[in-house]
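# Summary of the model geometry
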Number of protein chains: 2
Amino acid sequence: MPIVHGYDEANYVLVMEDLSDLRVLRTVLNEGGGCGAASTAIGVFVARLSFATSDFGLSSAERKALLAESVNPELCKITEDVVLSEPYLDHEHNHWHPDLDDIAAEFRADAELRTEVADLRHRFMSHAQALLHGDLHTGSVMIGIREDTEVLRVFDPEFSFVGPIGFDLGLYWGNLIAAESRARARGDLGDHGMQLESTWTAFESEFRRLWPRRVDTFFDDGYLDRFLTGVWQDSLGFAGAELIRRIIGFAHLTDLDTLPDATAARHALRIGRELILRRTTLNSPADIRALAERLAAVDATVGP
Amino acid sequence: MPIVHGYDEANYVLVMEDLSDLRVLRTVLNEGGGCGAASTAIGVFVARLSFATSDFGLSSAERKALLAESVNPELCKITEDVVLSEPYLDHEHNHWHPDLDDIAAEFRADAELRTEVADLRHRFMSHAQALLHGDLHTGSVMIGIREDTEVLRVFDPEFSFVGPIGFDLGLYWGNLIAAESRARARGDLGDHGMQLESTWTAFESEFRRLWPRRVDTFFDDGYLDRFLTGVWQDSLGFAGAELIRRIIGFAHLTDLDTLPDATAARHALRIGRELILRRTTLNSPADIRALAERLAAVDATVGP
């Protein structure tokens, strides 16, 4: 997080670390740059934030106090609407590339998809696992080099609340997959396909490293495995929801909107749907890579 | 709920409906009486309370306000400890009939059971589905007849908080199964085996009846089915945890402690373990009846 140097409540002044030497990750990716170590840093960040504010990092009473003071009704409502319902309904907010008329209509008529999104939506509303950033897309991350070392800062935490950990990982992944779809369409695919794995490996390793420090040892190692599987599945689902809402919903991505046609967007939509519907059977980052490659091969055969 | 006639905050005076003509359900059952229509009334009560205070009955903002104002750290901690962890550990609170030494030790060494209870415990701590009574056992229910009509009152709501709906149903069921085990041991089994079904049928029917009034119609009928399945599975798990903690944990039941031996308690412990471990594959009230009968047949063969 950016360092906060000072806060003067009476004068409404907040003095934060100067980030003007850093660049927004989305901008770097859009210009053909790579993630560097960003995905690893994000995985560690989510693990530390979520472990520290979960029932594993805080006493039961501290957790309840955090839950109560972190409710964020106005901004949660925005997510509940624009990310987790409107894209699947006829709604005036929604817009999309005219070449996507068919798939937008198909998604809105897809009863199976609707039920799975309803499930994700209710998880977002009721699974109070840990304090989230709440809007962790590639536009909320700045990266750069300081004294020969990569630095990363996560900013814009106004959507923060206590919710399902997979929402933070999933938003980041949805945006990475959009960047990958863009790079694929432009023929400059780099290591985009490895970013999800880097994030997950870093997240899981850090969470497991912190586990022996849990305040409540009734939670055993068997439960840790189950809990992490749940976070993985939630993350895939929210990644899919993020992809879909960014293409047929209200707020779009420069990653895809600045391309000459909707080929990449269509590819990303298909991945999004599969991530939501198959989140309990896609078991590893390798499965997600294989899914992206398989759908890309289908797209290449069918043509735009 | 009992009618509250008045509350004078300055003088610490609460005037409630006179319940002196009613009797505690546990007492009635212990004396060999039946539930009457109590289980149906409890199912309707849990459905109405939980629907009205869930994301289906309240707007998103009202729900967040309820969540924040209903945190109940001190009393939730008691449940987290005495119901959902201590019985599976060596803890000074625990005590049990000497004839149960073997099965108490077996349960505490059971890694699979421990992980499942950890899962239930984390659900209790983090699944903020609806306002619960929070301690809905047969000692929190009074029944009687007024003007030829059965009446029922639920009292002692000091454990109330926003949690998993299945916790209320599960606590009630755990206590019903203890009463059934007692009746079986005393040879005066009545319609005990039908109570779980009566509660569930009433709960599900009432929840489905209220569903068209949901404030948020993005939740579709497909999601309702999935949600109710989740409540069913949680309820079975919490019923199992309630049975176990009442026999090898801190606070016991007169239902079982006043019997001449531990046969019924052993039977109830076995049911409890199965309910926890098999909650995702026991699909209907008939499955639970069959489980109780099967374990009773085993007990009859093996002897006390």
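No experiment lies behind these values; they were computed from the predicted model shown.

## Considering the interface of chain A and chain B
Often, the extent of an interface is quoted as the loss of accessible area on bringing the components together. Across the contact, 40 residues belong to chain A and 40 residues belong to chain B. Around 3,500 Å² of area is buried between chain A and chain B when both sides are counted, 60% of it from carbon and sulfur atoms. Three residues stand out in chain A for area buried against chain B, namely Lys64, His122 and Phe218 of chain A, and they jointly supply 22% of the buried area on that side. Scanning the region where chain A abuts chain B turns up eight salt bridges. Close ionic contact of Asp119 of chain A with Arg226 of chain B constitutes a salt bridge, the shortest N to O distance being 3.0 Å. At the boundary of chain A with chain B, the tally comes to 20 residue pairs in polar contact (both at pLDDT 80 or more). Sorting the residues of the side of chain A that touches chain B by element identifies helix H3 (60-69), helix H4 (73-83), helix H6 (111-126) and helix H9 (221-248) of chain A as the ones contributing at least two each. Ranked by the residues each element gives to the side of chain A that touches chain B, the list is headed by H6 of chain A, at 11 residues. A breakdown of the residues in the side of chain A that touches chain B according to their chemical character gives 19 nonpolar, eight polar and 13 charged.

## Overview of the packing of helix H7 (residues 166-186) of chain A against helix H8 (residues 195-210) of chain A
Residue and element names in this part refer to chain A. Relative to each other, H7 and H8 sit at 160°, their axes nearing to 10 Å. As summarised for this structure, H7 and H8 are arranged roughly antiparallel, according to the angle between their axes. In the crossing of H7 with H8, the sense of the turn from one axis to the other is right-handed. Across the interface between the two elements, Leu169, Tyr172, Trp173, Leu176 and Ile177 from H7 touch Gln195, Leu196, Thr199, Trp200 and Phe203 from H8. Considering only residue class, the contact of H7 with H8 consists of eight nonpolar, two polar and no charged.

How each quantity is defined
- Residues numbered from 1 in each chain as written.
- Chains lettered and ligands numbered in written order.
- Predicted model: local features only at pLDDT ≥ 70, side-chain atom pairs only at ≥ 80, totals over all residues.
- Heavy atoms only, no water.
- Contact = heavy atoms within 4.5 Å.
- Buried area = accessible area lost by both parts, 1.4 Å probe.
- Salt bridge = Lys/Arg side-chain N within 4 Å of Asp/Glu carboxyl O.
- Polar contact = N/O pair within 3.5 Å; in protein donor to acceptor, adjacent residues only side chain to side chain.
- Helix = DSSP H or I, 4+ residues; strand = E, 2+ residues; numbered from the N terminus.
- Nonpolar A, V, L, I, M, F, W, Y, C, P; charged D, E, K, R; others polar.
- Axes fitted to C-alpha atoms, helices over the stretch in contact; angles between N-to-C directions.
- Parallel < 35°, antiparallel > 145°, perpendicular 65-115°, else oblique.
- Left-handed = near helix turned anticlockwise from the far one by under 90°.

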